[in-house]
Amino acid sequence: MIIVEENDPRDPQATALLKQSHALMESLFPPEDNHYLDIEQLRVPEITFFTAREGDTILGTAAIANKGSYGEVKSMFVSEAARGKGVGAALMRMIEDTAIDAKLSVLKLETGNVLHAAHRLYRRHGFTDCGPFADYEANNTSIFMEKTL
């Protein structure tokens, strides 16, 4: 059974997954197109960080940044060994529930153009393409998506 719960990104297993995610992003995209948050940036009051675990093993991470008028999905990552187990879907449900509880009307995200599994997950959860938002700028490697809640 997959358990999703609020957690501290400094949890050693969470930190290890975040570092794997960062390394993957750095291998796929130029530095100016990497928009991931470091561990301390995930600990600010407007961000809620979640982990998904099976037993004592953390399999995935995700966060939501409350931007006041919308929520932004951040740090969504599932370990390679856990892909296909429903971890991403469980994390997305928690993100959506958190956004609804916070009375946010829209969820937005930025993701990489070659992260096809992520695109499929987001589309299954009702996200559609949109333009850049907040401080993001259009580039050759970013896809922007949103979902009305």
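Details of the structure are given in the entry above.
Analysis parameters
- Residues numbered from 1 in each chain as written.
- Predicted model: local features only at pLDDT ≥ 70, side-chain atom pairs only at ≥ 80, totals over all residues.
- Heavy atoms only, no water.
- Buried < 20%, exposed > 50% of the residue type's maximum accessible area, 1.4 Å probe, protein only.
- Helix = DSSP H or I, 4+ residues; strand = E, 2+ residues; numbered from the N terminus.
- Arc of directions from axis to C-beta.
- Contact = heavy atoms within 4.5 Å.
- Pairing = 2+ DSSP bridges.
- Axes fitted to C-alpha atoms, helices over the stretch in contact; angles between N-to-C directions.
- Polar contact = N/O pair within 3.5 Å; in protein donor to acceptor, adjacent residues only side chain to side chain.
- Salt bridge = Lys/Arg side-chain N within 4 Å of Asp/Glu carboxyl O.

The next subject is helix H3 (residues 116-124). His119, Leu121 and Tyr122 are the residues of H3 that are buried. Down the axis of H3, the smallest arc covering the buried residues is 165°, so these residues share one side. Exposed side of H3, more than 90 degrees from the buried face: Arg120 and Arg124 are the residues found there. Of the surrounding elements, those touching the buried residues of H3 are strand E4 (71-78), helix H2 (87-101), strand E5 (106-112) and strand E7 (142-148). Directly beyond the C-terminal end of H3, a positive phi value near 95° is found at Gly126.

Taken in spatial order, the 7 strands make up an open sheet running E1-E2-E3-E4-E5-E7-E6, and their pairing is mixed. Each edge of the open sheet carries a strand with a single partner, namely strand E1 (2-6) and strand E6 (128-130). Strand-to-strand twist in this sheet, taken as the mean axis angle between neighbours without regard to direction, amounts to 30°. Against the sheet, helix H1 (residues 12-28) touches strand E2 (47-54), strand E3 (57-66) and E4, its axis set at about 75° to E3. This element, H2, spans E1, E2, E3, E4, E5 and E7 of the sheet and lies at about 30° to E3.

On to the environment of Val106, then. In this structure, Val106 sits in strand E5. Distance in space between the C-alpha atoms of Val106 and Ser79 is 27 Å, their sequence separation being 27 residues. In this view, Val106 contacts Tyr70, Gly71, Glu146, Lys147, Thr148 and Leu149; residues no more than four positions away in its chain are not counted.

Another aspect to go through is the side chain of Asn34. Mapped onto the elements of the fold, Asn34 is located in the loop between H1 and E2. From its side chain, Asn34 meets the backbone oxygen of Met25 in a polar contact 3.4 Å long. What Asn34 contacts, discounting residues up to four positions off in sequence, is Met25, Glu26 and Phe29.

A few words on the pattern of salt bridges. Applying the stated criterion across every chain, the model contains 9 salt bridges. For Asp8, the salt bridge identified is with Arg43, shortest N-O distance 3.6 Å. With Asp8 in the loop between E1 and H1 and Arg43 in the loop between H1 and E2, the pair connects residues that are 35 residues apart, well separated along the chain. Taking the relative accessible area as the measure of exposure, Arg43 reaches 36% and is therefore partly exposed. When the shortest N-O distance is used, the salt bridge between Lys108 and Glu146 registers 3.8 Å. Of this pair, Lys108 sits in strand E5 while Glu146 sits in strand E7; the two residues are 38 residues apart in sequence, bridging distant segments of the chain. One network of salt bridges, with partners in common, ties together Asp8, Arg10, Glu40 and Arg43.

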